Amino acid sequence: MSESTVSGRSDSPAVALGPTALVLGVFSALGAWVPSLLLVTLPWAILAGALAVALGAMGVHHARRGTGRLWAAVAGTALGAIGCAGTTALLFALGA
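Predicted model, so just to flag it, every value in this text is computed and none were measured.

Caption draft 1: Quick look at the packing of helix H1 (residues 17-33) against helix H2 (residues 35-64). Interaxial distance between H1 and H2 falls to 6 Å at its minimum, and their mutual angle equals 150°. Here H2 runs roughly antiparallel to H1, going by the angle between their axes. As H1 packs across H2, the resulting crossing turns out to be left-handed. Looking at the contact of H1 with H2 residue by residue, the class counts come to 17 nonpolar, nine polar and no charged.

Caption draft 2: Highlighting H2. The end-to-end C-alpha distance of H2, which contains 30 residues, comes to just 36 Å, noticeably less than the 44 Å that a straight helix rising 1.5 Å per residue would cover. The largest bend in H2 is about 80°, located at Thr 41, with the proline Pro 43 one to four residues further on. For H2, every residue scored as buried is listed here: Leu 38, Thr 41, Ala 45, Ala 48, Gly 49, Ala 52, Leu 55, Gly 56, Gly 59 and Ala 63. Among the structural elements, H1 and helix H3 (70-94) are those in contact with the buried residues of H2. Looking one or two places after H2, you find Gly 66, whose phi comes out positive at around 110°.

Definitions and cut-offs
Residues numbered from 1 in each chain as written. Predicted model: local features only at pLDDT ≥ 70, side-chain atom pairs only at ≥ 80, totals over all residues. Heavy atoms only, no water. Axes fitted to C-alpha atoms, helices over the stretch in contact; angles between N-to-C directions. Helix = DSSP H or I, 4+ residues; strand = E, 2+ residues; numbered from the N terminus. Parallel < 35°, antiparallel > 145°, perpendicular 65-115°, else oblique. Left-handed = near helix turned anticlockwise from the far one by under 90°. Nonpolar A, V, L, I, M, F, W, Y, C, P; charged D, E, K, R; others polar. Expected span 1.5 Å × (residues − 1). Bend = angle between axes of the 7 residues up to and from the residue. Buried < 20%, exposed > 50% of the residue type's maximum accessible area, 1.4 Å probe, protein only. Contact = heavy atoms within 4.5 Å.

Written out as structure tokens, the structure is:
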């Protein structure tokens, strides 16, 4: 038992916030801006965008403290905001 059992900085769950926000942001942006995917992903695009913004903001906070990747959290937050805003604007334009 010569190895330490203490977790390192890269073992934190905060490391997954940026990539998770990035995946949700891509899903939200694709659902909002690709017409062929619009009808399938419309209900989920708003939820994915809001989650991407929330998780991305937490990921940015933790990345600035040294845990996780900043670029993934920022990209996920931006894509989530674009997707959520685009889907919401589309719903308001259609009068729903």
